[in-house]
Protein chains: 2
Amino acid sequence: MLYPSNIKKTYCKNTDHASRGMGLEAMINEANTYYLNNNKALIYKKPTPITISNVEYPNNKKVVTKGLFQTKSTLDYVGLYKGAYLDFDAKSTKNKTSFPLANIQNHQLQHIKRVIENKGISFLIIQVLDNYFLFRGEDLLSFIATNERKSIPINYIKEKGFEIKLSYNPVLNYLKVIDQIYFKEELK
Amino acid sequence: MLYPSNIKKTYCKNTDHASRGMGLEAMINEANTYYLNNNKALIYKKPTPITISNVEYPNNKKVVTKGLFQTKSTLDYVGLYKGAYLDFDAKSTKNKTSFPLANIQNHQLQHIKRVIENKGISFLIIQVLDNYFLFRGEDLLSFIATNERKSIPINYIKEKGFEIKLSYNPVLNYLKVIDQIYFKEELK
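All of these numbers come straight from a predicted model, not from anything done at the bench.

J.: In this structure, what is going on with the interface of chain B and chain A? I would like to understand it.
T.: As a measure of interface size, the accessible area lost when the parts come together is often cited. The interface is formed by 36 residues belonging to chain B together with 36 residues belonging to chain A. Summing the contributions of chain B and of chain A, the shared interface buries around 3100 Å²; its carbon and sulfur component is 64%. The interface formed by chain B and chain A contains zero salt bridges. Taken together, the connections running from chain B to chain A amount to seven residue pairs in polar contact (both at pLDDT 80 or more). Counting residues per element, the side of chain B that touches chain A draws most heavily on strand β3 (residues 63–69) of chain B, which supplies seven residues. A breakdown of the residues in the side of chain B that touches chain A according to their chemical character gives 18 nonpolar, nine polar and nine charged.

Given below as structure tokens:
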């Protein structure tokens, strides 16, 4: 499964707020469609990797009749913005005080490290109730390297992360925050 | 199917040559593994997008029992090298004089255009018998824009493209050519 099961519940709870009932994944997809249609960026969700072990051809259509889910070794989204390579994941928590690190698998951390080493931009978009934060991979790795804790305090995410204020068209305009962090010069 | 059916045949024919019997896809995978293990780049094959319409749980394992292949709308490989976003495809032809444009779908051309517009690097690795060329997306689009032809003459690919000479470890070291084209300054 790609997302924690609490997203659906958050989805129902959010209906009165600015996110207008959209789940985090739907918001990111909406933003990506907006960026694509407006030639701002090319960002997409990676397909779920499946090992195909049987294929049949009913009515001349190629159909997978046996496929095993592979362990996801990377993050969910990849893309290109102003020449930069973006690689990120979306995470949701209903916990008001801390974000459990069990949400992030070891090979995902390894992937974030590799993206940064190769000069790409890697981050998490973390939803904490009705607030959304862009949390840089560098800050995530540095927290893990210097702490024994099994969760990140939400206050740390608020302090180190960058809040993504909801707007409209797109609702979750996370590239605005990417501009603030990585393309400051261009904003002047 | 991701590759033209002639790859298998080429695979068998190549056994006496420098490629040591590897098909084009295997060569690219080998190079990508080498780059990953040596922290040179992070490049991977995109999973085949499959629409999952049925899932079962025999022995508590999640198994796809019905999945439809989606039309591939992008290229096969994506990655990150020295901060640059790479997006490319591998194509093979046994035709000695021309490369049929039918090998490239319209939405793939659209994708190449978008990558370039967003300042990424897009290209094809074209195998013509025992020769390998990196052919830039810009040159592909410009050929199509200025020609009515349904195929690209191999001589045009040789003239505009950059030959990837086979070596070893990795056999198809295509990033060497990327360096020559896009990172000239660093080579000095």
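J.: Can you walk me through the pattern of salt bridges in this structure?
T.: Once their charged atoms are close, side chains differing in charge can pair, the charge on each being opposite to the other. Residues and elements named next belong to chain A. All told, the structure shown has 13 salt bridges over all chains when counted by the stated rule. With a shortest N-O distance of 3.3 Å, Lys 45 and Glu 25 are connected by a salt bridge. Placement of the pair is Lys 45 in strand β1 (residues 42–45) and Glu 25 in helix α2 (residues 24–37), with a sequence separation of 20 residues. Judged by relative accessible area, Lys 45 falls into the partly exposed class, the value being 25%. Look at Glu 25 and you get partly exposed, because its relative accessible area is 24%.

Procedures and definitions
- Starting afresh in each chain, residues are numbered from 1 along the sequence in its written order.
- Key to labels: chains lettered from A, ligands numbered from 1, both in the order written.
- Note on the predicted model: pLDDT of at least 70 is required for a residue's local features to be given, and 80 or more for side-chain atom pairs to be given and counted; whole-chain, interface and lining totals, by contrast, use all residues.
- Hydrogens and water are ignored here; the side-chain numbers use all heavy atoms of the structure.
- In this description, contact between two residues means that some pair of their heavy atoms is separated by no more than 4.5 Å.
- Defined in terms of a 1.4 Å probe, buried area is the accessible area two parts forfeit on being brought together, summed over both.
- One speaks of a salt bridge when a side-chain nitrogen belonging to Lys or Arg is within 4 Å of a carboxyl oxygen belonging to Asp or Glu.
- Two N or O atoms count as a polar contact when they lie within 3.5 Å, although within protein this holds only if one can serve as hydrogen donor and the other as acceptor, and sequence-adjacent residues are included solely when both atoms are side-chain atoms.
- Under the scheme used here, helices are H or I runs from DSSP no shorter than 4 residues and strands are E runs no shorter than 2 residues, and both carry numbers assigned from the N terminus.
- For this classification, Asp, Glu, Lys and Arg are treated as charged, while Ala, Val, Leu, Ile, Met, Phe, Trp, Tyr, Cys and Pro are nonpolar and the rest, including Gly, are polar.
- For every residue, the accessible area (1.4 Å probe, protein chains only) is compared with the maximum for its type, and the residue is labelled buried under 20%, exposed over 50%, or partly exposed between those bounds.

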